[in-house]
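# Structural characterization, general
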Amino acid sequence: MSCRPASPRPYVLLSCATSIDGYIDDASDQRLLLSNEDDLDRVDAVRAGCDAILVGAATVRRDDPRLLVRSAARRTERVACGQPASPVKVTLTARGDLDPTARFFTAGDSTRLVYCASSALDKTRERVGELATVIDGGEPVDLEWILADLAARGVRRLMVEGGGTVHAQFLTAGLADELHLVVAPFFVGDRRAPRFVDEGRFPWHPGRRARLAETRQIGDVVLLRYALSDRCPDD
């Protein structure tokens with residue numbers, strides 16, 4: 001990781017792990033582990049190279065993620081570059097159904113931003129307004145406006161970690177620059193389980209294929225890195 005120059009807008013990197021048949025979880029109450037320790041360390045390195053991490057409110061509710069850089073060495077390097085130890089945490093909500101005891105709000109000292117639909121602004125501020133900056137994101141929540149607002153707040157590189165609805169929103173809107181897709185060596189085989197993305201009209205289709213920038217075996221999983229815009233480097 002290195003100290004990075006300013007960027008005109010956030011570079012948007014999507015990150016997801018799936019089963020062979022495209023599921024990001026199973027239908028049980030327990031979180032399904034799709035990755036392995038070496039890949040989790042890779043994800044930690046990617047997080048450390050970003051200014052903000054975004055997840056949807058459903059991911060906050062279901063997975064209760066901390067969204068922090070785990071490695072002490074990486075946190076130290078970030079601080080040496082004049083950055084906070086972990087990236088800004090960002091979530092999106094249409095209804096304001098957020099638990100103030102979730103680790104998104106309680107773990108670490110990162111800045112926390114909550115973009116909510118206009119109709120849920122009062123409810124969201126009442127629930128988590130003392131723990132995060134709550135921002136009117138429009139009705140419905142406007143991703144392009146959110147990216148512009150994040151850029152104005154100094155976010156140059158944004159990592160989007162899900163879930164499927166949020167990933168689909170960024171992809172169908174053509175607002176993703178890069179996709180890291182990790183495939184785990186097993187099947188889920190349950191249509192009740194959540195998939196990588198929801199239905200939608202995507203810019204990449206049989207007539208316009210995404211560019212595969214890298215493949216990498218990491219233990220028993222495989223990383224597929226797709227370039228979704230001209231901003232994505234080959235290496």
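Anything mentioned here points back to the structure above.
Now for a quick tour of the structure.

Reading the values: rules and limits
Numbering of residues begins from 1 in every chain and follows the order in which that chain's sequence is written. At least 70 in pLDDT is required for a residue's local features to be given in this predicted model, at least 80 for side-chain atom pairs to be given and counted, and no such filter applies to totals for whole chains, interfaces and linings, which use all residues. To obtain the side-chain values, all non-hydrogen atoms of the structure were included, while hydrogens and water were left out. Definitions used throughout: a 1 Å grid over protein atoms alone; a cavity as a set of points that fits a 1.4 Å probe which cannot get out; a pocket as an open set with protein on both sides within 12 Å along at least five of seven lines; a lining residue as one with an atom within 4 Å of a point. Grid points are joined across faces, edges and corners, and a volume is the space filled by probe spheres set on the points. For this classification, Asp, Glu, Lys and Arg are treated as charged, while Ala, Val, Leu, Ile, Met, Phe, Trp, Tyr, Cys and Pro are nonpolar and the rest, including Gly, are polar. Here a helix means four or more residues in a row that DSSP labels H or I, a strand means two or more in a row labelled E, and each is numbered from the N terminus. Relative accessible area decides the class of each residue, using a 1.4 Å probe on protein chains only: under 20% of the type maximum gives buried, over 50% gives exposed, and in between gives partly exposed. By definition, residues are in contact when any of their heavy atoms lie within 4.5 Å. Salt bridge, as used here: a side-chain nitrogen of Lys or Arg that lies within 4 Å of a carboxyl oxygen of Asp or Glu. The term nonpolar core refers to a set of buried residues drawn from Ala, Val, Leu, Ile, Met, Phe, Trp, Tyr and Cys, joined through side-chain atoms within 4.5 Å. Two strands qualify as a pair provided that DSSP identifies no fewer than 2 bridges between them. The angle between two axes is taken between their N-to-C directions and runs from 0 to 180 degrees, where each axis is a line fitted to C-alpha atoms and a helix contributes only its stretch in contact. Contacts described as polar in this section are N or O atom pairs within 3.5 Å, which, within protein, must combine one atom able to donate a hydrogen with one able to accept it, while residues neighboring in sequence count only if both atoms come from side chains. Given a helix with a known number of residues, its expected span is that number minus one, times 1.5 Å.

This part covers the layout of surface pockets. Roughly 380 Å³ of internal volume is contained in the second largest pocket. Surrounding the second largest pocket, 16 residues form its lining, Leu 171, Leu 179, Phe 196, Val 197 and Trp 204 being those nearest its centre. Tallied by class, the residues present in the lining of the second largest pocket amount to 10 nonpolar, 2 polar and 4 charged.

The next thing to look at is the environment of Tyr 226. By the element assignment, Tyr 226 lies in strand β9 (residues 221–227). A relative accessible area of 22% places Tyr 226 in the partly exposed class. Sequence separation of Tyr 226 and Gly 163 is 63 residues, and the distance between their C-alpha atoms is 18 Å. Beyond its immediate sequence surroundings of up to four residues, Tyr 226 is in contact with Asp 177, Glu 178, Leu 179, Ala 210, Arg 211, Leu 212, Ala 213 and Cys 232.

In this structure, Tyr 115 sits in strand β4 (residues 112–116). The buried category is assigned to Tyr 115, whose relative accessible area is 0%. Residues Tyr 115 and Ala 17 lie 98 residues apart in sequence; the distance between their C-alpha atoms is 25 Å.

Turning our eyes to something else, we now look at the pattern of salt bridges. Scanning the model with the defined rule gives 16 salt bridges in all. In this structure, Asp 177 engages Arg 9 in a salt bridge whose closest nitrogen and oxygen atoms are separated by 3.2 Å. With Asp 177 in the loop between α7 (164–172) and β7 (178–183) and Arg 9 in the segment before β1 (11–18), this residue pair connects regions lying 168 residues apart in the sequence. Overall, the relative accessible area of 1% leaves Asp 177 in the buried class. Residue Arg 9 is classed as partly exposed on the basis of its relative accessible area, which comes to 34%. The network of salt bridges with shared partners includes Glu 178, Glu 214, Arg 216 and Arg 225.

Within the largest apolar cluster, 28 residues are counted, with the highest numbers of intra-cluster contacts made by Leu 158 and Phe 170. Residue contributions to this core peak at 4 residues, all from helix α6 (residues 143–152).

This part covers the sheet that holds strand β3 (residues 88–93). Across the sheet, which stays open at both edges, the 9 strands sit in the order β5-β4-β3-β2-β6-β1-β7-β9-β8 with mixed pairing between neighbours. In this open sheet, the two strands that pair with only one neighbour each are β5 (133–136) and β8 (211–218). Across this sheet, the average inter-strand angle for adjacent strands is 20°, counted without regard to direction. Sitting on the sheet, α7 touches β1, β2 (52–56), β3 and β6 (157–160), and the angle it makes with β1 is about 135°.

Moving on, we come to the side chain of Ser 71. Note that Ser 71 resides in the loop between α2 (57–63) and α3 (72–80). There is a polar contact of 3.3 Å between the side chain of Ser 71 and the backbone nitrogen of Ala 73. Within the structure, the side chain of Ser 71 is placed 3.2 Å from the backbone nitrogen of Arg 74, a separation counted as a polar contact.

The end-to-end C-alpha distance of helix α1 (residues 37–48), which contains 12 residues, comes to 16 Å, matching closely the 16 Å that a straight helix rising 1.5 Å per residue would cover. Of the residues making up α1, those classed as buried are Asp 39, Arg 42, Val 43, Asp 44, Val 46, Arg 47 and Ala 48. Where α1 begins, the capping side chain belongs to Asn 36, and its oxygen is found 3.3 Å from the backbone nitrogen of Asp 38.

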